[in-house]
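# Architecture at a glance
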Amino acid sequence: MDELKLIEIVFAEPDPTPQAAAAGRARFLRLAHEDGGSSGGPRFLRPVHEDGSSGAGPRFLRPAHEGRSRRTRPGRRLLYGGWAAAAALALVFTLVIGIPSAGPADARELLILAANSSEAHKARGRYTHMEVETGVVEKVGSPERPYSMLSRRVDAWWYPTSKDDDGWYAYRKLGAEPAGAEDAVAWRAAGSPARVRSLCTQAAKVYKVGPDGKAVEQPAHPCEDLDTRPQERMETIRMAGGLAGFLTSHPDLDVRNLSADPARLKEQLLGWTRSGGLGGMVEGDAAQLWAAVRMVLFNPEGPVSPQVRAASYRILADLPGVRSLGEYTDPLGRKGQAFTRTGEGSEGVAGTSRIVVDPVSGLPLAEEGYEGTGGHRTSYIAVRAVGPTDAPPAQE
Amino acid sequence: MEDVTVVERSLNDPDLFALLYDRYFKDLYRYLAARLGRDHVEDLVADAFLIAFNGRGGFDPERGTVRSWLYGIATNVVARHRRREGRRLNALSKVSAETPAEGHEERVISQLAAEASRPELVRGLKGLAQGDRDVVFLLVFGGLGYEEIATALDIPVGTVGSRVNRARKKLRKALGDVNPMRER
């Protein structure tokens, strides 16, 4: 008997009971149904990873009880050495062309500045690191007395530069809190519950474009309990074997292959969106590019170089309908320049989204989604750190 | 209907994907139960299928079979449950006073022999690199060939071979270079 036979004998478990098989099947069908086959709207605007129990990508994999918490987040680490140097470089450039100090500046000019700044980043590290904070506003309570809670979480990725190196993924739920002052009153009136059930009835319909080009209505994301209590620590998970271990919810787009040439990048992104990559019915090249560039900047789920970010800014610079909103404070309190593009009804884009960029450093700061025009903010993704680093997450 | 056709058609008709679940549930259950223990492992199998379901648009039949694709996803599930895998290995590395095996005489002897060398075997497995352990379990519990393992893990076939050789060598060493059947 050889060692492989030994393993078979020692590790074999009894076959599944019919009950286990049925339970697994029911769970799969429920999650697949609720998740809409990862077809819900532009995926990066959906509440990314609330419960980690559904969807594609590592974040959906329920690592909560398995991942190793090894550290608390050491605050924001936005500027790495390479970034700082490049920011200084960009500052010189800024002084030369100047940013209009009063009123919204020309969007194109600011985005080209951001592109030039981003292009100057040359540093390379052991990992390409990205850390984002995501906030999603959800309606909770009873249908008669609904109120809104903002639930937040942090996700971080260390994509190894070498394919032989291991990467890391870490996350921490920051808990849910009343979204505004009136919501706080409603929450307290409900007895300040630690867990609140989201109201499923408010969920919007989402669409999926089939291979025949027709849009099919799908159920929106499922009802969930929101927990007001934050997780104590980051859960840190080693992702063995280069980038292979990182799953993505953009399975048909490998962001590593994105071009730093704006024309080529545009082709790549449109190729992706036209084949249903956005998972939603977003019509028109401009609307699709706006959405795809936001994915590249704020939710790439893979390593994106500063040069590709630069090309993304250049695409936005030439995109019809993009407007500057002037200086803007992002959800983390940082100053940047905001840009928006309001989708028209025929584009299938509900609401407005805006992005916040620091044109001087070239760093993407945040994106926000709003209900309608001038409505409430419904979601945000704020980039807490992005760039090369040699340091893996601290271990216990 | 071929697996590949099921995947293709499920893009239009998502319910069809349940066919694949029915075809491969037991296989993935055995694999994941062997690696992570059987406690609620059906949930993990369901999660693996959900990932496959959500990623089915990106499945490329040129690259390999649906079966190896599913085992690759299941291996990623294992990767995200390292602690659980560690706990299982720890538990199995301890000698237990379990009830003696029952059944056909030859099988009983095999089980007794395996039981006797269990601590060393498990220690050997714990000492393997994760990638080597993946290959070994895919070989033993997935019944995959080298090519299929290569597709599942997205590594060259040659690497599968060298991982198997390295793992077996280490395991034999951990077992004290003895053949447990002959010794006992």
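Before going into details, it helps to say that this report is about the structure given with it. (Residues numbered from 1 in each chain as written. Chains lettered and ligands numbered in written order. Predicted model: local features only at pLDDT ≥ 70, side-chain atom pairs only at ≥ 80, totals over all residues.)

## A short note on the overall build of chain A
Across its full length, chain A holds eight helices and 14 strands. Out of the 396 residues in chain A, the part that is buried amounts to 51%. For chain A, contacts bridging at least 24 residues in sequence account for 69% of all contacts bridging at least 6. (Helix = DSSP H or I, 4+ residues; strand = E, 2+ residues; numbered from the N terminus. Buried ≥ 20, exposed ≤ 12 C-beta atoms within 10 Å, placed from the backbone. Contact = placed C-beta atoms within 7 Å.)

## Some thoughts on helix H2 (residues 17-36) of chain B
All names here are of chain B. A rise of 1.5 Å per residue sets the reference length of H2, with its 20 residues, at 28 Å; its end C-alpha atoms lie only 25 Å apart and thus fall more than 12% short of the reference. Among the 20 residues that make up H2, 14 are buried, leaving the element largely enclosed by the rest of the structure. Glycine 37 sits one or two positions beyond H2 and adopts a positive phi of about 90°. (Expected span 1.5 Å × (residues − 1).)

## Brief notes about the nonpolar core
By size, the foremost hydrophobic cluster in this structure holds 122 residues, and its most contacted members are Leu28(B), Leu32(B), Val45(B), Ala48(B), Leu70(B) and Ala74(B). Looking at this core element by element, the count peaks at 12 residues for H2(B). The contact partners of Ala74(B), leaving out residues within four places of it in the chain, are Leu28(B), Tyr31(B), Leu32(B) and Ala48(B). The next biggest cluster of nonpolar side chains, apart from the first, holds 11 residues, and it includes Val136(A), Val137(A), Tyr147(A) and Leu150(A). (Core = buried A, V, L, I, M, F, W, Y, C linked by C-beta atoms within 7 Å.)

## Some points on the environment of Glu120(B)
Residue and element names in this part refer to chain B. Considering the arrangement of structural elements, one finds glutamate 120 in helix H7 (residues 118-126). Residue glutamate 120 is classed as partly exposed on the basis of its C-beta count, with 19 C-beta atoms lying within 10 Å. Each C-alpha atom, one on glutamate 120 and one on leucine 175, is 5.5 Å from the other, the two residues being 55 residues apart in sequence. With residues up to four places along the chain from it excluded, the contact list for glutamate 120 reads Ala174, Leu175 and Gly176.

## Brief notes about the environment of Val293(A)
Residues and elements named next belong to chain A. Mapped onto the elements of the fold, valine 293 is located in helix H7 (residues 285-298). Look at valine 293 and you get buried, because 25 C-beta atoms sit within 10 Å. Measuring from C-alpha to C-alpha, the distance between valine 293 and leucine 269 comes to 7.9 Å, with 24 residues separating the pair along the chain. Apart from residues no more than four positions distant in its own chain, valine 293 is found in contact with Ser312, Ile315 and Leu316.

## Topic: the pairing of strand S3 (residues 146-160) of chain A
Residues and elements named next belong to chain A. Most of S3 is tucked away: 12 of the 15 residues are buried. Bridging between strand S2 (residues 127-141) and S3 involves 15 bridges; their strand directions are antiparallel. The residue of S3 that forms the bridge with histidine 129 is tryptophan 158. Hairpin connection of S2 to S3: four residues between the antiparallel strands. (Pairing = 2+ DSSP bridges.)

## Focus: the packing of helix H4 (residues 66-79) of chain B against helix H9 (residues 146-153) of chain B
Residue and element names in this part refer to chain B. Where H4 contacts H9, the axes come no closer than 7 Å and their chain directions differ by 50°. The pairing of H4 with H9 is recorded here as oblique in orientation. The handedness of the crossing between H4 and H9 is right-handed. Counting all contacts with H4, which are made through Arg67, Ser68, Tyr71, Gly72 and Thr75, the residues of H9 involved are Glu148, Thr151, Ala152 and Leu153. When grouped by side-chain class, the residues that make up the contact of H4 with H9 number three nonpolar, four polar and two charged. (Axes fitted to C-alpha atoms, helices over the stretch in contact; angles between N-to-C directions. Parallel < 35°, antiparallel > 145°, perpendicular 65-115°, else oblique. Left-handed = near helix turned anticlockwise from the far one by under 90°. Nonpolar A, V, L, I, M, F, W, Y, C, P; charged D, E, K, R; others polar.)

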